[in-house]
Amino acid sequence: MAPSTSSVRLMRVVVVLLLLFPVLLKANEAPPFSVKAQLILAACKSVGEGSTYFNVQFCEGAIGSVIGGSADLDYQVFGGIAVRLLAENATSTKAKIDRLLRGGGGVKLKAEDDVAVARCLQSCQSLYGGILYDWLACTAAVKTRLFGEARRILEKAAAAAKECEDGFGKNNVASPLSAEDDDAFKLAKLGVAFLRLA
Ligand SMILES: *[C@@H]1O[C@H](CO)[C@@H](O)[C@H](O)[C@H]1NC(C)=O
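Residues numbered from 1 in each chain as written. Predicted model: local features only at pLDDT ≥ 70, side-chain atom pairs only at ≥ 80, totals over all residues. Heavy atoms only, no water.

With 55 residues, the main nonpolar core has I63, F78, F168, L190 and F194 as its most contacted residues. Broken down by element, this core gets its largest block of residues, 11 residues, from helix 5 (residues 114-143). Beyond its immediate stretch of four places on either side in the chain, L190 contacts V47, F54, F58, C59, A62, I63 and A82. (Core = buried A, V, L, I, M, F, W, Y, C linked by side-chain atoms within 4.5 Å. Buried < 20%, exposed > 50% of the residue type's maximum accessible area, 1.4 Å probe, protein only. Helix = DSSP H or I, 4+ residues; strand = E, 2+ residues; numbered from the N terminus. Contact = heavy atoms within 4.5 Å.)

For the structure on display, the rule yields two disulfides. Across a sulfur-sulfur distance of 2.0 Å, C44 and C59 are joined as a disulfide pair. Because the torsion about its S-S bond is -70 degrees, the bridge between C44 and C59 counts as left-handed. Pair noted here: C44 is in helix 2 (residues 35-48) and C59 is in helix 3 (residues 56-64), with a separation of 15 residues, a long-range link. Judged by relative accessible area, which is 1%, C44 ranks as buried. (Disulfide = S-S within 2.5 Å.)

For the rest of this paragraph, the subject is the pattern of salt bridges. Following the criterion strictly, the structure yields seven salt bridges and no others. The residue K186 makes a salt bridge to D182 at a minimum N-O spacing of 3.0 Å. Here the residue K186 and the residue D182 both occupy positions in helix 7 (residues 178-197), the gap between them amounting to four residues, near one helical turn. When its relative accessible area of 36% is taken as the criterion, D182 is described as partly exposed. (Salt bridge = Lys/Arg side-chain N within 4 Å of Asp/Glu carboxyl O.)

Before going further, it helps to spend a moment on the site of the ligand. Residues in contact with the ligand, as listed here, are F58, A62, N89, S92, D183 and L187. Within the side chain of N89, one N or O atom sits 2.4 Å away from an oxygen atom of the ligand. Here the ligand, which alone exposes 360 Å², has 56% of that area covered by the protein. Where the shell around the ligand is concerned, the elements lending two or more residues are helix 3, helix 4 (75-101) and helix 7. Each residue belonging to the shell around the ligand can be placed in one class, and the counts come to three nonpolar, two polar and one charged. (Near = heavy atom within 4 Å. Polar contact = N/O pair within 3.5 Å; in protein donor to acceptor, adjacent residues only side chain to side chain. Areas by Shrake-Rupley, 256 points an atom, 1.4 Å probe, with all protein chains shown as cover. Nonpolar A, V, L, I, M, F, W, Y, C, P; charged D, E, K, R; others polar.)

Below is the structure:
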C-alpha cells in the first residue's frame, strides 16, 4: 500500500533531521541532540496544537515514555502506542476500582455517600471493562490499517471515561477517579488524532 501523504511528510522531517544531525552535533558538542525527541515533538505538535482535548505536552509525555529505538516511526505507530497506553491505563484503573469496591485504596468516604459512590464505581467498572474488552479489536484494526474502525473504538473509550467521571458529578459525590478518567479520555483522543493523520 502506498504511504499516505502525512507519513511522507513525517518521513521528510526525519530525513532532514538525520541530515542535520552531524552538523548540529558539531555546533553543539554536548548534550547530544535527540532526533527521536524532535520527531516526537513534531508529531505531537501536529496533533496537539489544534486540539481541545489534550496539549502537545501531554502527547510528548505519553509517547516519549514508551518509544523504543524503532526507525520507522509514523502516525500509525504513534496511534498504536496511544492504544497500548490506554489499555495499560484502563487495566490499572479497573484494578483501582476493584480495590475501592472492596473498601480499600485509602479513600475515606462519608457514610451517606457510600451507596452513591459504590453505584458509580460499579458503573465505571463495567465501562472500563468495556474499554479493555475492545482493546484487542482496536489493536488489530490499527495493525491492519482499518483506521476508521480503530477511531470508532477509541471514541467509544473516550466517551466511556467521560461517562464514568460524569456519574460522580451527577450524584454530587467527589470522584476518586478524576486523574484516571482524565488520562484515559486524553489517551483515547490522542489515538484518534494520530490515526486521523495515518
Ligand atoms: C496513564 O497515562 C498517563 C498519560 O500518559 C501516564 O502519565 C500514566 O503513567 C499512565 N498510568 C498507567 C498506570 O499506565
